[in-house]
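# Chain and residue survey
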Amino acid sequence: MSTDSPLSSSAILQQMADALPTHPQGDTTSDLSSSHEALALFTHGCMASLGFRLIGFDEDKLDEARCHELAPRLPPNWNASFNTYAFVYAHQQSALRFVIRIDRMGGKAEIRGLGINDERITRVEATIKDFISNAALPVRITIDGDGEEDRSSLPQSLQRVFISESRIEDLANLIKINIIQKLLPSLQKEGYEESPDDRAARQDADEAARRPPRQPVLPDPLPQPAQPYPFNDPLNPPPRNPLPAGDFPPPGFEDPYDINRPARSPFHPGRSPFGNIGADDLNPPGLGPHDPLRPGIGIGGGLPRPGRGRGMHPTFDDPLFGGPGGDNGDFDPQVPPGARYDPLGPGGLPRLGGRRPGGGGNGPFGRGGFGGFGGGDII
């Protein structure tokens, strides 16, 4: 920091030396006894260097006349409160009054600033041992042979209270950025320059001043209703079964092409009560695996196998008629389960291979009964 700056180490140390109260004659006590007093006196030195005028120590009970009379000295009772120090200032560039408070909190100190009627508190924390050396305390003003004060060496004595000159500048920057520039943005003082952090903080302060006060969040006076698990939200129904890409049938309609049914395995194809009529007609003539018109071995023909014909002209051994490839006991579209049997064939006989309520078999006349009444049942 430049030596011409009002917050240079030499300027602050001189303000501290000038601010120590006059030492009473015959008094053997020290003038600066603790590290917290040193930090409070340092903070006052920073404020005084920038033109802040002390007007008291309590915002509710100012003592401007006495402070003006003793300036630049502090009143003897400036450190009457233990571990808590307060200063009230005024500045010619602002109509506000400013309160600075330094509080001890364990091994740290908190410096807080407030502009009265502004209600925005600024604060900064500092670890005492990082800046102040207790080995140089206490400090006592030198008294010459005539009983008069000699303050010529007092700035050097105060400098030894701090760990180093760089630590003095670091502490001054902390107070400048976090306290002074937020309390009084755009402060005009010869040799005083704002850093980028100062400008950013001033913009934040201006934005905060324009922001409307935040409305408090009121708690809901009514308890939340109990929700069963799982919660049935009519506006958020569970996902439906996924459909094949490109197929979106309306819900609740029939599915004649089995779009929404699970895919069938090629090794276990689903069977219909109507058999597989017409399946072999999809093959080119003479190239089907079991072409009934060209029996033989090899491509284009095969040995006839009962129940395996799947052309448009089914035989009696087709599964449709309960042949060897049929499913005994499956659904019969012409004779629903539990229905009374009525003869369907010519001459009062049932159709060939038809199902009968009595349990007809695979032959054209049932299995062991007359007229298709399986199991030997006779009505």
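Keep in mind it's a predicted model, so treat the numbers as computed, not measured. (Residues numbered from 1 in each chain as written. Predicted model: local features only at pLDDT ≥ 70, side-chain atom pairs only at ≥ 80, totals over all residues. Heavy atoms only, no water.)

### Some words on the packing of aromatic side chains
Throughout the structure, instances matching the rule amount to seven aromatic pairs. Ring centres of F57 and F87 lie 6.0 Å apart, and the angle between their planes is 55°; on these two criteria the pair is classed as tilted. Of the two residues, F57 is situated in the loop between β1 (53–56) and α3 (64–70) and F87 in strand β2 (residues 84–90); the sequence distance between them amounts to 30 residues. Classification of F57 as partly exposed rests on a relative accessible area of 22%. The rings of F52, F57, W78, Y85, F87, Y89 and F98 are connected pair by pair, giving a single aromatic cluster. (Phe/Tyr/Trp six-rings, centres within 6.5 Å; stacked < 30°, edge-to-face > 60°. Helix = DSSP H or I, 4+ residues; strand = E, 2+ residues; numbered from the N terminus. Buried < 20%, exposed > 50% of the residue type's maximum accessible area, 1.4 Å probe, protein only.)

### Re helix α5 (residues 165–183)
Look at α5: 26 Å from first C-alpha to last across 19 residues, which is about the 27 Å you get at 1.5 Å a residue. Along α5, the largest kink reaches about 40° and is centred on K176. (Expected span 1.5 Å × (residues − 1). Bend = angle between axes of the 7 residues up to and from the residue.)

### Quick look at the side chain of R151
Among the secondary structure elements, R151 is positioned in the loop between β7 (149–150) and α4 (154–161). Only 3.0 Å separates the side chain of R151 from the backbone oxygen of L20, close enough to count as a polar contact. Of note is the side chain of R151, whose polar atom sits 2.9 Å from the side chain of E149. Residues within four places of R151 in sequence aside, it is in contact with A17, D18, L20, P21, T22, R73 and I141. (Polar contact = N/O pair within 3.5 Å; in protein donor to acceptor, adjacent residues only side chain to side chain. Contact = heavy atoms within 4.5 Å.)

### Considerations on the environment of S157
Inspection of the secondary structure puts S157 in helix α4. Separated by 3.2 Å, the side chains of S157 and R160 make a polar contact.

### Quick notes on a negative patch on the surface
A cluster of like negative charges, contributed by D58, E59, D60 and E119, occupies part of the molecular surface. Checked against the element boundaries, E119 lands in the loop between β4 (108–115) and β5 (121–127). (Patch = residues over 30% accessible without salt bridge, like charges linked within 9 Å, V, L, I, M, F, W, Y side chains within 5 Å. Areas by Shrake-Rupley, 256 points an atom, 1.4 Å probe, with all protein chains shown as cover. Salt bridge = Lys/Arg side-chain N within 4 Å of Asp/Glu carboxyl O. Lys, Arg positive; Asp, Glu negative; His and termini not counted. Charge placed at Lys NZ, Arg CZ, Asp CG, Glu CD.)

### A short note on the sheet that holds β1
Taken in spatial order, the five strands make up an open sheet running β1-β2-β3-β4-β5, and their pairing is antiparallel. Looking at the sheet topology across the chains shown, the edges are occupied by β1 and β5. For this sheet the average axis-to-axis angle between neighbouring strands, irrespective of direction, equals 30°. Strands β1, β2, β3 (97–105) and β4 of the sheet are contacted by helix α2 (residues 35–49), whose axis makes an angle of about 10° with β2. Running at roughly 170° to β5, α5 makes contact with β3, β4 and β5 of the sheet. (Pairing = 2+ DSSP bridges. Axes fitted to C-alpha atoms, helices over the stretch in contact; angles between N-to-C directions.)

### Regarding the confidence of the model for the protein chain
Mean pLDDT over the protein chain works out to 74, with 52% of the residues at or above the 70 mark. Residue range residues 297–302 is modelled with pLDDT below 50. Its contacts to residues more than four positions away, or to other chains, number 16 contacts. Here residues 352–379 scores under 50 on pLDDT; set against residues more than four positions off or in separate chains, the count is 55 contacts. (pLDDT = per-residue confidence, 0-100.)

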